[in-house]
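Close look at the chain arrangement
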Amino acid sequence: MYSSCKKSSSQTPTTGSYYIKLKVNGTAKSMTMTPIAMFTSAPSLYLVQLDGYFLNNFGTGLSFTLEDSNSFNTGTTYTQQFVKVNGLVMGEPSFSFRSDDGNSYTSAPAAPGIIIALNFTEIATDHVKGTFSGTMQLQGTNTFAQITDEEFYLKWE
């Protein structure tokens, strides 16, 4: 007996006004496909993941992951740091961006030359808004990129 699955080659973009926008070394980028925020919590650990993709390529986009021992709020700037949760040390935030030109940028907490900061300006029951900024490293090189004019408005899943 044989079975098979077929993965659809088309993705249905999220409609509406949700987005992630930023400039990489002055070049504007906007991701409006499946822009979502996912919040989870377990005892002593809070996690949020912010994602968005380009309409023309579902494989490229941006992903932020934050972990903290406190719930997320609008009064905190989340920067590169190591957070201790239940005796484990975790780095935050984790930020990866794969541009529509094929370049991949990453950040790692406390890595030399990398600066990332994220602020939530609004956390509602159905959406989250905020800004972020920083310097990321072009993966596999010693080249850095400036991330400016960045903001997000994401559906809360």
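Each chain has its residues counted from 1, following the order in which its sequence is written. Residues qualify for local features only when their pLDDT is at least 70, as the model is predicted, and side-chain atom pairs are given and counted only at 80 or more; totals for whole chains, interfaces and linings, by contrast, use all residues. By convention in this description, side-chain values take in all heavy atoms of the structure and omit both hydrogens and water.

**Things to note about the overall build of the protein chain**
Think of it this way: any DSSP run of H or I at least four residues long counts as a helix, any run of E at least two long counts as a strand, and we number them from the N terminus. When helices and strands are counted, the protein chain shows 0 helices and 13 strands. Counted from the first residue to the last, the protein chain has its helices and strands arranged as β-β-β-β-β-β-β-β-β-β-β-β-β. For the protein chain, the proportion of its 157 residues judged to be buried stands at 38%. Note on contacts: a residue pair is in contact if any heavy atoms of the two residues lie within 4.5 Å. Considering only contacts in the protein chain between residues 6 or more positions apart, those separated by 24 or more positions represent 53%. Exposure categories follow from relative accessible area, calculated using a 1.4 Å probe and restricted to protein chains: below 20% of the type maximum is buried, above 50% is exposed, and the middle band is partly exposed.

**What about the pairing of strand 10 (residues 104-107)?**
Whether two strands pair comes down to DSSP finding at least two bridges between them. Summarising the sheet, strand 9 (residues 94-98) and strand 10 pair through 4 bridges and their orientation is antiparallel. Each bridged residue has a counterpart across the sheet, and for Phe 95 the counterpart in strand 10 is Ser 107. Once strand 9 ends, the chain turns through 5 residues before running back antiparallel as strand 10, passing Gly 102 with a positive phi of about 95 degrees. The pairing of strand 10 with strand 12 (residues 127-138) spans 2 bridges and is antiparallel. For Tyr 105, the partnering residue across the bridge sits in strand 12 and is Leu 138.

**A look at the environment of Ile 20**
Of note, Ile 20 is situated in strand 1 (residues 19-24). Counting along the chain gives 12 residues from Ile 20 to Thr 32, while the straight-line C-alpha distance between them is 6.7 Å.

**What about the pattern of salt bridges?**
Salt bridges, as used here, are contacts in which a Lys or Arg side-chain nitrogen is within 4 Å of a carboxyl oxygen on Asp or Glu. What the rule picks out here adds up to 1 salt bridge. Among the salt bridges present, the one from Asp 149 reaches Lys 23, with a minimum N-O distance of 3.2 Å. Here Asp 149 is found in strand 13 (residues 144-156), whereas its partner Lys 23 is found in strand 1, with 126 residues between them in sequence. Overall, the relative accessible area of 30% leaves Lys 23 in the partly exposed class.

**Details of the environment of Gly 102**
By secondary structure assignment, the location of Gly 102 is in the loop between strand 9 and strand 10. You can call Gly 102 partly exposed: its relative accessible area is 40%. Once the C-alpha coordinates of Gly 102 and Thr 60 are considered, the two residues, 42 residues apart in sequence, prove to be 7.7 Å apart.

**What to know about the nonpolar core**
Counting 29 residues, the largest nonpolar core has Leu 50, Phe 120 and Phe 132 as the members making the most contacts within it. Of all elements in the fold, only strand 1, strand 3 (33-42), strand 4 (45-54), strand 5 (57-68), strand 9, strand 11 (115-123), strand 12 and strand 13 reach the threshold of two or more residues within this core. Apart from the residues within four sequence positions on either side, Leu 50 is in contact with Ile 36, Ala 37, Leu 62, Ser 63, Phe 64, Leu 118, Phe 120, Val 128, Phe 152 and Leu 154. What makes a nonpolar core is a set of buried Ala, Val, Leu, Ile, Met, Phe, Trp, Tyr and Cys residues whose side-chain atoms join them at distances within 4.5 Å.

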